[in-house]
Amino acid sequence: MTHPVSRSDWPSWPQFGDEEAAAVGKVIRSQQLFAAAEVKQFEQDFAQFVGSKRAIGIGNATQGLHLALAALGIGEGDEVIVTPCSWISSSSCVLMQNAVPVFADIEPDSLGLDPSSVEQAITPFTKAIIPVHILGYPARIEEICEVAAAHNIPVVEDASHAPGASVRGKMIGTFGTMGVFSLQQRKTISTGDGGVICTDDDSLADKLWKLRSFGDDELSYNYRMTEFAGVLGQIGLRKLGPHNKERAWAAHFLSNAFKNHPMVKIRHPREHEVGVYYAVGIELAISDVASAELLAQLEQLGYPIRRVFPPLNRHPHFNPETPPARGLPWEHPSYTGSMRGVQYNKLDLPVAYEYCCGRVLELYTHPGITSTQLDQFTEDLVSNLPKAS
Ligand SMILES: Cc1ncc(COP(=O)(O)O)c(C=O)c1O
């Protein structure tokens, strides 16, 4: 079968047009470029959208995760439970506070933290848990929050991939003490760089507010959002609903195409959850070597497809050949917990090693994608699978 649409026509992202150009032009003409009325408007819109009491615009989600830990007073000698399946920011934020990241394992359905592994990782030193809703699929956030509440530990949700996702009608990002979202160029609300933290806790929100912009009563930062990001965030938020619907349509289209396929499964959230398919998770029942070959072929054909994040505990930040000047936080004399002497790249995280080493690919199906393009992708994937012997 031949297709009239070339692979290179796959919709790109972000998709800015006249509305965004006019809004950015308005900011330029106003000569008010750092956070002011437009950021405030975005914060109000975002808080209303997720149903949180407060929202605080920031420069990016990495800053947001760092600010969240700073606002909780986490520092030297403390432990924070993190996931091995994520971008580095959801763990490096712990290092930024000179605290100790403790990796728990993930569970296979959501690729988010496994609540029972989280529970096992809790010690008297645990001061926060950072679950990540990877690719826009909700992590087991209700169960994680239950475990956290039983031990009185705050949860900081990394919802960078998941604006609009929900569990039983409650928005992702509002289950924890704080929820952090990324508005970076590739994310579903794209402001170039940008982020937002939501919380129902007024005193934490006030603290975040001061820490993000030169609060004088303690060491603070300049982590402000710009007015450009503020206007783009407002527009992106208005378009998010229809865009999320298109992404979900593409995921279900592919699901149908691979129905009953022995080697390919399109991943979906559970029935009571709404996922937003920031990327579609494609699970392969083939060897890691065959999956790497398939990925290389699909990339060469021009598809925006990647392997889901490799296990983070093997990242150089946790296994430096030459330790950072201030030392690894878990080797510091003030830390008396059980991570001392542990080699992070040898941690026992079987589910992460099973799922994050090639078994799951992430495909970006941006709004505007057509059934013809998805059919072509399906054919290209199938024709590059290993042949049954
Ligand atoms: C899961 C996750 N958390 C945090 C971040 C950091 O976001 P930002 O680029 O806005 O700092 C990213 C960025 O890609 C991410 O994927």
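Up top you'll find the structure we're talking about.
Rules used throughout
- Residues numbered from 1 in each chain as written.
- Predicted model: local features only at pLDDT ≥ 70, side-chain atom pairs only at ≥ 80, totals over all residues.
- Pairing = 2+ DSSP bridges.
- Helix = DSSP H or I, 4+ residues; strand = E, 2+ residues; numbered from the N terminus.
- Axes fitted to C-alpha atoms, helices over the stretch in contact; angles between N-to-C directions.

Enquirer: So what about the sheet that holds strand β7 (residues 170–171)? Which residues, and what values?
Expert: Strand order in the open sheet formed by three strands is β7-β6-β11, and the pairing between neighbours is antiparallel. Since the sheet does not close on itself, it has two edges, and those belong to β7 and β11 (273–274), each with one partner. Pairing geometry for strand β6 (residues 166–167) and β7, over two bridges, is antiparallel. Looking at β7, one finds that S166 is bridged to M171.

Enquirer: Give me the lowdown on the sheet that holds strand β2 (residues 79–82), citing residues and values where you can.
Expert: Read across the sheet, three strands follow the order β3-β2-β4 without closing on themselves; strand pairing throughout is parallel. Here the strands that pair on one side only, and so sit at the sheet edges, are β3 (100–103) and β4 (126–129). This sheet shows a mean twist of 30° between the axes of neighbouring strands, independent of strand direction. Bridge count between β2 and β3: four bridges; the pairing is parallel. Counted as the bridge partner of I81 is V102 from β3.

Enquirer: Please provide a residue-by-residue account of unusual backbone geometry, values included.
Expert: With omega at 5°, the peptide bond leading from W13 into P14 counts as cis. The residue P14 is located in the segment before α1 (18–30) in this model. Of note in the backbone geometry, Q31 takes a positive phi value of approximately 60° without being a glycine. Along the polypeptide, Q31 turns up in the loop between α1 and α2 (37–50). The backbone phi angle of Y277 is positive, close to 50°, even though this residue is not glycine. When you line up the elements, Y277 lands in the loop between β11 and β12 (280–284).

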